[in-house]
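Residue strings, one per chain:
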Amino acid sequence: MSRVLHIESSPRKQRSRSIQVAKLFLQEYSKYHSTDEIETLDLWDTDLPDINGDTLDSKYAILHGKEKTEQQIHAWRAVERVISHFLEADKYVFSLPMWNFGIPYKLKHFFDVIIQPGYTFSYSPDEGYKGLVTSKPACIICARGGKYTSEDNSEGLDVQQKYMKLILGFMGITDVRPIIIQPTLGGDPEQVQQVLDLAEEQARVMAREF
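Values in this document were obtained by computation on a predicted structure and should not be read as measured data.

This brings us to the pairing of strand β7 (residues 176–181). Successive side chains on a regular strand alternate, one facing one side of the sheet and the next facing the other. Bridge analysis of strand β6 (residues 138–143) against β7 gives six bridges, and the strand direction is parallel. Paired with alanine 143 across the two strands is isoleucine 181, which belongs to β7. Taken together, β6, helix α5 (residues 159–171) and β7 constitute a β-α-β crossover, and its handedness is right-handed.

Next up, the structure:
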């Protein structure tokens, strides 16, 4: 049995295109992997620890190989709980809208919490940076109002997909499978529906092999 963690980062809920496609993906996935466990983590309903004060001092104590104080140990436990929960999963599904060409700040906060030395990556002078979360696939379902392609030289503005692949790869997650939903704004309803139909068909196919 595998554990699938769906990390949801859109606050729009019923109006969210990324959530809509993610739900279909997970429904289709469960048909072919009926014994697997699926959990959704709604980042808008999750209390993530701030990386400041004793928590930040604890992080630097780890980086510099120093002992942590009792206050730092206590603060760091909140970070470890989030990391442990993330690492318990075998597969990841991220659903996210594009915000200002990138990702929502809630998702960035989540990454800032879990990407910690000795937990999700390591560093040594000989090997450099090395991801520790390996052999786990991730599906990234990215919705955006505009269309970003090489046809009109707008592809470079797509920091959303680029950042997701970079940050997941840094942790060692190199099997990243994207589903891009674009454009969701500006077109007539028929065009938007065609975009959704295409994304949902990609989700059905990908879910079977995920």
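Next comes the rest of the description.
This brings us to helix α2 (residues 53–63). Considered for burial, the residues of α2 that qualify are Thr55, Ser58, Lys59 and Ala61. Angularly, the buried residues of α2 cover 160° about the axis, an arc narrow enough to put them on a single face. Where the residues of α2 are buried, they touch α3 (70–87). Glycine 65 occupies a position one or two residues after α2 and carries a positive phi of about 65°.

Now for the pattern of salt bridges. Overall, the coordinates contain 11 salt bridges when judged by the stated rule. Between arginine 3 and glutamate 88 there is a salt bridge, with the nearest N and O atoms lying 3.5 Å from each other. Here arginine 3 is found in strand β1 (residues 3–8), whereas its partner glutamate 88 is found in the loop between α3 and β3 (91–97), with 85 residues between them in sequence. Classification of glutamate 88 by relative accessible area gives partly exposed; the value is 37%.

Now for the pairing of β6. For β6, the tally of buried residues reaches six of six residues, placing the bulk of the element in the interior. Strand direction decides the pairing type here: β3 and β6, joined by six bridges, are parallel. Residue pairing across strands places valine 93 opposite cysteine 139, the latter belonging to β6.

Below, the discussion takes up the environment of aspartate 45. Assignment of secondary structure puts aspartate 45 in the loop between β2 (37–42) and α2. In this structure the C-alpha to C-alpha distance between aspartate 45 and glutamate 8, which are 37 residues apart in sequence, comes to 9.8 Å.

Now for unusual backbone geometry. What is expected of a backbone is that most residues other than glycine have negative phi and most peptide bonds are trans. Of note, the amide linkage connecting glutamine 182 to proline 183 takes the cis form, showing an omega dihedral of -10°. In this fold, proline 183 is placed in the loop between β7 and α6 (189–209). Non-glycine residue lysine 13 carries a positive phi angle of around 50°. Along the chain, lysine 13 turns up in the loop between β1 and α1 (17–32). You can call lysine 13 partly exposed: its relative accessible area is 26%. Positive phi outside glycine occurs at serine 135, with the angle close to 60°.

What counts as what
- Residues numbered from 1 in each chain as written.
- Predicted model: local features only at pLDDT ≥ 70, side-chain atom pairs only at ≥ 80, totals over all residues.
- Heavy atoms only, no water.
- Pairing = 2+ DSSP bridges.
- Helix = DSSP H or I, 4+ residues; strand = E, 2+ residues; numbered from the N terminus.
- Right-handed = clockwise from strand over helix to strand, strands pointing away.
- Buried < 20%, exposed > 50% of the residue type's maximum accessible area, 1.4 Å probe, protein only.
- Arc of directions from axis to C-beta.
- Contact = heavy atoms within 4.5 Å.
- Salt bridge = Lys/Arg side-chain N within 4 Å of Asp/Glu carboxyl O.

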